[in-house]
Amino acid sequence: MKIKMKSLLVSTAPPTVRIVHSGHTCNVEEERYSERVYTIREGATLELQCMVTGHPHPQIRWTKTVGGASDRQGDSTLHNETLKITNISRHQGGRYYCKAENGLGSPAIRSIRVDVYYLDEPIITVHQSVGESKEQFYFERTVFLRCVATSHPPVLYSWRRGREALTQGSDAGVEIYEPFFTQGETKILKLKNLRPQDYAGYTCISSVRSVCGIGDKSAHFSLNNRTAPPSVKLLLEDPLVVNPGETITLVCVPSGGDPPPYLEWVRPGGEELPKRSVVNGGTLTIPAVTVDDSGAYSCVASNNVGNPAKKSTTILVRGLRKGRFWITPDPYHNDDNIQIGREVKISCQVEATPPEELQFGWLKNGRPLRSSERMVITHTDTEVSPGTTNLDIIDLKFTDFGTYTCVASLRNGGTPEISIDVNISSTTVPPELSVPRGRSHLVAQEGDTVDLQCLVSGKPKPIILWSRVEESGAAVAAAPVLMPDGSEQTESYDGVLRINNVTRETSGTFRCQTSQYNGFNVKPREALIQLVVQFPPTVEPVYTEIRQALSRAFSLTCQLLRAHPARLLRYEWKLGSRLLTVGQFSEQRDDTSYLVKALNREGYGEYTCDITNEAGAGRCTFLVTGKAYSPEFYYDTVGALWQNRPRVYGFKLQWTQMEPNAVDRILAYRLGIRQVSTNPYYDPTSRSDRSAYTPVNPHLREFQCGFEDEALCLFSQDKTDEFDWTHHSAATRDTKYTPNTGPSADHSGSKQGFYMYIETSRPRLEGDKARLLSPTFNMNSKTSLPSSSSTSSSSSVTYCFAFYYHMYGKHVGALNVFLRQKAQTVTDTSVWSLIGNQRDRWRQAKVNIHPTAAFQVQTAVKNSCGDIAIDDVTIKEGECKDPPPNSEYGSPYYLSVSLLLRELVSYLEN
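Everything numeric in this text was worked out from a predicted model, so none of it was measured.

Trainee: Would you take a moment to explain the sheet that holds strand S46 (residues 543–547) for this structure?
Mentor: Sheet strands pair by backbone hydrogen bonding; their relative direction is either parallel or antiparallel. Spatially, five strands are ordered S46-S52-S51-S48-S49 in an open sheet, and the strand pairing comes out mixed. Only two strands of the sheet have a single neighbouring strand rather than two, namely S46 and strand S49 (578–584). Across the sheet, the mean angle separating the axes of adjacent strands is 20° when strand polarity is ignored. Across five bridges, the pairing between S46 and strand S52 (residues 616–625) is parallel. Bridge assignment links Tyr543 to a residue of S52, and that residue is Thr621.

Set out below in structure tokens:
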């Protein structure tokens with residue numbers, strides 16, 4: 001085999017992109033020349049490949065949009081060439097974009113729309129016309145049977161009554177129509193003035209016309225004079241008040257409806273039922289209830305007749321939560337302190353479930369306290385939650401000092417009571433808040449642990465609330481931002497806020513303020529703390545490689561992106577460990593450069609630039625070498641571009657080199673050629689299924705296979721025959737059983753050359769068949785032949801199919817060539833045949849064929865006494881030239897065939 005090569009160095013090139021598909025697809029079609037629509041069945045595997053060219057090699061990114069917005073469900077951006085989605089769902093349909101960019105020109109973008117086809121089970125619902133709804137469907141009532149099925153593409157409906165097909169006009173008492181507002185998604189069967197024959201079984205059949213192999217689906221409903229919408233009742237109290245830890249059972253039973261309704265327990269807003277709950281029909285059991293299980297529960301009954309029926313109940317789990325208190329000084333005086341002779345009010349607040357069972361009691365120094373003229377006890381309305389009780393002490397005296405206890409409990413028990421102690425004395429004073437000296441402005445470095453502290457005094461000591469304000473520090477008008485833990489506020493009982501592993505985003509102003517709960521009900525006291533987080537300079541490039549030739553000048557630049565503090569920044573340039581220069585940044589500059597005027601051999605190596613501040617250093621690294629950039633193939637053909645004679649192939653390789661002027665250009669290259677076990681004539685990315693392969697190069701005019709590699713040029717064994725062809729050479733052929741049959745060398749005369757043959761010795765039986773299938777071939781694109789998805793035309797192109805055969809043995813059977821083409825049906829046609837011993841030599845056969853679509857070649861034999869071999873199969877555009885003479889045994893070598901079918905398959909059958 002001879003190979004001729006052409007090599008071409010191309011410059012940098014902007015990206016190009018195209019999208020090809022593989023896997024299982026129903027259809028791929030073009031719309032408006034710019035959009036490709038890929039149709040796939042739900043549950044199948046979507047596999048798209050983004051094929052790009054350009055230099056430097058482009059970066060690839062897959063994205064998906066729905067309605068013009070990015071699809072954020074899951075990881076919708078992929079950075080490799082293949083986009084694969086297994087078990088695709090309907091929600092994953094849409095437009096997929098492949099974007100390729102390499103910094104040259106505009107990015108290349110191509111898109112393909114993926115349509116996911118599906119068909120859900122249809123549902124039949126039954127309704128009466130408005131104003132006619134009764135408990136039952138009586139005579140002289142109009143009834144609607146509505147069939148709904150979710151699908152893509154739009155579904156087609158048909159109705160049957162029993163075994164009778166119902167169509168519009170087939171029965172005067174029946175109307176079939178599709179309402180405009182449903183856009184064809186429903187099919188309604190209208191039964192006017194019910195008749196006895198209308199009480200029957202109805203079947204709705206939904207169909208998408210078997211697109212993507214999706215079969216029809218159906219639903220059934222039996223209509224009778226008992227048919228009625230559902231009704232339901234609950235066998236329990238409403239609301240249901242229980243104690244924590246109890247097991248509760250909610251019972252729901254249908255009180256009407258035909259067919260019998262289906263019962264389901266739900267919670268409002270789509271909230272899930274408690275995980276430990278057990279549902280058995282209409283019975284819902286919740287063991288060991290907690291306060292979190294409180295809320296509304298609904299029992300829904302449906303039987304597809306009328307509207308579903310729903311009954312709801314509320315579960316109240318007894319409990320007391322969030323006990324708080326506050327002290328309010330005399331509201332009639334502008335003073336936050338408690339003073340003798342003035343009024344003071346103690347308030348106590350508790351959240352209770354159920355709120356009407358909440359009751360309060362007051363104690364003074366452990367003894368019960370009753371309401372009086374000077375000690376006035378009031379409670380808020382029991383229906384208001386949270387409940388609050390107030391103790392007003394009128395004209396405070398020394399004898400009123402002591403410990404007051406607010407006791408909250410539920411009237412029917414079931415949960416422990418809550419007690420809150422409040423001390424009123426001369427030492428009971430409102431809070432004061434301050435920041436320790438030197439702690440109002442804190443400086444930390446990234447990764448440190450920082451404690452922010454506010455000192456609070458007063459009795460009782462209130463809770464401290466921490467929050468953030470804007471960087472401006474305007475404590476009053478500034479809108480709060482989130483705390484490091486993501487909340488708006490953080491409570492602290494000791495006045496300390498600890499922040500672990502601070503980051504640069506943590507820098508800012510923090511506010512601490514007193515809470516009115518568990519303290520004085522006065523204007524909150526507050527203070528501000530400024531936190532500054534220092535971090536080392538961030539620079540670019542972190543690492544880059546510079547290719548330069550000797551004696552040339554070049555410059556290295558290190559860019560400062562951000563740093564804190566951003567003042568007093570220093571830079572230091574080194575080559576390896578050798579210091580080159582140092583300096584300090586001015587306020588106007590954000591980068592530093594180092595100039596090499598003339599590069600010498602000592603100038604090659606690793607240059608570093610360290611930019612430092614108080615927090616650390618950022619480093620730019622430049623690797624300077626004189627090594628040329630490796631060439632990259634801009635475009636390489638996996639198949640021959642031309643052939644001027646058999647077994648002489650021409651290839652064109654285009655390659656490029658990044659920045660060829662930076663260093664010495666590539667002057668020479670070595671080309672190595674090896675044969676691999678993949679067919680060089682086919683492009684698997686362009687096939688529509690795994691069993692069909694098409695030529696990669698539309699200009700390929702000839703196919704040739706000598707069976708030299710293990711891949712056999714993608715020839716395959718027919719799985720329906722009795723035995724297989726053997727891939728062999730004369731050097732390894734065993735002549736023990738058939739010493740006087742079979743070839744002694746391949747067609748070229750080489751004993752090491754391979755060919756395909758069948759041996760008739762044991763265990764073969766007479767009549768056994770062996771078939772060998774070639775790959776499928778597409779028509780030459782320049783001949784304007786139809787693609788695999790188009791219909792056949794009346795035009796045809798002539799191809800010459802040729803091969804060498806060896807038929808040697810006493811009783812050699814027939815070697816036949818068949819043409820199989822696949823249109824609506826598969827048709828096999830014999831195009832060549834030869835019977836009998838042709839002596840111990842190779843002969844050539846040629847036959848003209850006229851395919852109009854994709855075609856294939858197959859060889860098969862019927863076992864007899866004698867071996868048959870084939871070698872060097874070719875398919876070439878144009879009529880056969882100089883066909884060999886007919887066999888001396890009378891069998892033809894040459895036959896012209898013209899067939900207009902979908903696919904072409906050539907069979908060699910014995």
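There's more to say after this.
Trainee: Got a minute to help me understand the state of the cysteines in this structure?
Mentor: Linking two cysteines covalently through their sulfur atoms gives a disulfide. Under the criterion given, the structure shown has seven disulfides. One disulfide in the model links Cys50 with Cys98; its S-S distance is 1.6 Å. One quick way to see it: the torsion about the S-S bond of Cys50 and Cys98 is about -85°, and its sign makes the bridge left-handed. Note that Cys50 is positioned in strand S5 (residues 46–55) and Cys98 in strand S9 (residues 94–101), a separation of 48 residues in sequence. By the burial criterion, Cys50 is buried, and Cys98 matches it. Here Cys252 connects covalently by a disulfide to Cys299, the sulfurs 2.0 Å from one another.

Trainee: Before we go on, may I ask you to explain empty space enclosed by the protein in this structure?
Mentor: Where empty space is left in the structure can be found by rolling a water-sized probe over the atoms. One pass over the structure, following the stated rule, counts one cavity of 30 Å³ or more. Its volume calculated, the largest cavity comes out at about 50 Å³. Residue composition of the lining of the largest cavity, grouped by class: five nonpolar, three polar and one charged.

Trainee: Explain the nonpolar core here, please?
Mentor: Membership of the largest hydrophobic core comes to 34 residues, with the highest contact counts inside it found for Phe707, Phe715, Trp725, Phe801, Phe803 and Trp832. Among the elements that take part in this core, strand S63 (residues 799–811) stands out by supplying five residues, more than any other.

Trainee: What is the right way to read unusual backbone geometry from this model?
Mentor: Negative phi values dominate among residues other than glycine, just as trans dominates among peptide bonds. Residue Pro153 is bonded to the preceding His152 through a cis peptide linkage, with omega at 10°. Looking at the secondary structure, you find Pro153 in the loop between strand S13 (151–152) and strand S14 (156–161). For the bond from Asp238 to Pro239, the omega torsion is 0°, close enough to zero to count as cis. As for its placement among the helices and strands, Pro239 is situated in the loop between strand S20 (228–234) and strand S21 (240–242). Unlike most non-glycine residues, Ser551 shows phi in positive territory, near 70°. Mapped onto the secondary structure, Ser551 falls in the loop between S46 and strand S47 (554–564). Classification of Ser551 by relative accessible area gives exposed; the value is 60%. In this model, Asp872 sits at a positive phi of 50°, which is unusual for a non-glycine residue. Structurally, the position occupied by Asp872 is in strand S68 (residues 865–877).

Trainee: Help me understand the pattern of salt bridges in this model?
Mentor: If charged atoms from side chains of opposite charge come close, those side chains can pair. Scanning the entire structure with this criterion turns up 25 salt bridges. In this structure, the salt-bridge partner of Asp400 is Arg374, at a minimum N-O distance of 2.3 Å. Placement of Asp400 in the loop between strand S33 (387–393) and strand S34 (402–410) and of Arg374 in the loop between strand S31 (367–369) and strand S32 (375–379) is noted, with a sequence separation of 26 residues between them. Classification of Asp400 as buried rests on a relative accessible area of 2%. By relative accessible area, which is 27% here, Arg374 ends up partly exposed. The shortest N-O distance in the salt bridge between Asp395 and Lys397 comes to 3.4 Å.

Trainee: What's the story with the environment of Phe715 in this structure? I'm lost.
Mentor: Looking at where Phe715 falls in the secondary structure, it is placed in the loop between strand S58 (702–705) and strand S59 (716–717). Among the residues examined, Phe715 registers a relative accessible area of 6% and is labelled buried. Taking C-alpha positions, Phe715 is 9.3 Å from Thr776, a pair spaced 61 residues apart along the chain. Here Phe715 is in contact with Phe703, Cys705, Phe707, Leu772, Leu773, Ser774, Pro775, Val857 and Val873, once residues within four sequence places are set aside.

Trainee: How do you make sense of the environment of Gly495 when you look at a structure like this?
Mentor: Mapped onto the elements, Gly495 comes out in the loop between strand S41 (490–492) and strand S42 (496–499). As a C-alpha pair, Gly495 and Ile463 span 32 residues in sequence and 7.9 Å in three-dimensional space. Once residues lying within four places of it in the same chain are set aside, the contact partners of Gly495 are Leu452, Gln453, Cys454, Ile464 and Trp466.

Trainee: Could you clarify how one ought to interpret the packing of aromatic side chains in this entry?
Mentor: Any pair of aromatic rings gets described here by the distance separating the centres and the angle formed by the planes. Tallying each qualifying case throughout the model produces 13 aromatic pairs. Ring geometry for Trp326 and Tyr517: centres 5.8 Å apart, planes at 70°, overall edge-to-face. In this pair, Trp326 sits in strand S28 (residues 319–329) while Tyr517 sits in the loop between strand S43 (508–514) and strand S44 (519–520), placing the two residues 191 residues apart along the sequence. Arranged with centres 6.1 Å apart and planes meeting at 55°, the rings of Phe803 and Tyr805 form a pair that is tilted. Of the two residues, Phe803 and Tyr805, neither departs from the other in class, the shared state being buried. In this structure an aromatic cluster arises from ring pairing among Trp573, Tyr594, Tyr607 and Phe622. In this structure, Arg90 is placed above the aromatic ring of Tyr118, and the distance from its NZ or CZ to the ring centre is 3.7 Å.

Trainee: What is the right way to read the confidence of the model for the protein chain from this model?
Mentor: As a general rule, the predicted coordinates of low-pLDDT regions are not to be interpreted in detail. With 78% of its residues at a pLDDT of at least 70, the protein chain reaches an overall mean of 80. A low-confidence stretch, residues 132–139 (pLDDT under 50), is modelled with 30 contacts involving residues beyond four sequence positions or located in other chains. Scored below 50 in pLDDT, residues 780–794 makes 27 contacts in the model with residues more than four places away or belonging to other chains.

Trainee: What am I meant to see in the sheet that holds strand S11 (residues 123–128) here?
Mentor: Pairing in this open sheet of four strands is antiparallel, and the strands run S11-S12-S17-S16 from one edge to the other. Single-partner strands in this sheet number two, and they are S11 and strand S16 (174–177). The sheet shows a mean angle of 20° between the axes of neighbouring strands, taken without regard to direction. Alignment of S11 against strand S12 (residues 143–148), held across six bridges, turns out to be antiparallel. Opposite Gln128, over in S12, you have Val143 as the bridge partner.

What counts, and at which threshold
- Residues numbered from 1 in each chain as written.
- Predicted model: local features only at pLDDT ≥ 70, side-chain atom pairs only at ≥ 80, totals over all residues.
- Heavy atoms only, no water.
- Pairing = 2+ DSSP bridges.
- Helix = DSSP H or I, 4+ residues; strand = E, 2+ residues; numbered from the N terminus.
- Axes fitted to C-alpha atoms, helices over the stretch in contact; angles between N-to-C directions.
- Disulfide = S-S within 2.5 Å.
- Buried < 20%, exposed > 50% of the residue type's maximum accessible area, 1.4 Å probe, protein only.
- 1 Å grid on protein atoms, 1.4 Å probe; cavity = no way out; pocket = protein on both sides within 12 Å on 5 of 7 lines; lining within 4 Å.
- Points joined across faces, edges and corners; volume = space filled by probe spheres on them.
- Nonpolar A, V, L, I, M, F, W, Y, C, P; charged D, E, K, R; others polar.
- Core = buried A, V, L, I, M, F, W, Y, C linked by side-chain atoms within 4.5 Å.
- Salt bridge = Lys/Arg side-chain N within 4 Å of Asp/Glu carboxyl O.
- Contact = heavy atoms within 4.5 Å.
- Phe/Tyr/Trp six-rings, centres within 6.5 Å; stacked < 30°, edge-to-face > 60°.
- Lys NZ or Arg CZ within 6 Å of the ring centre and 35° of its normal.
- pLDDT = per-residue confidence, 0-100.

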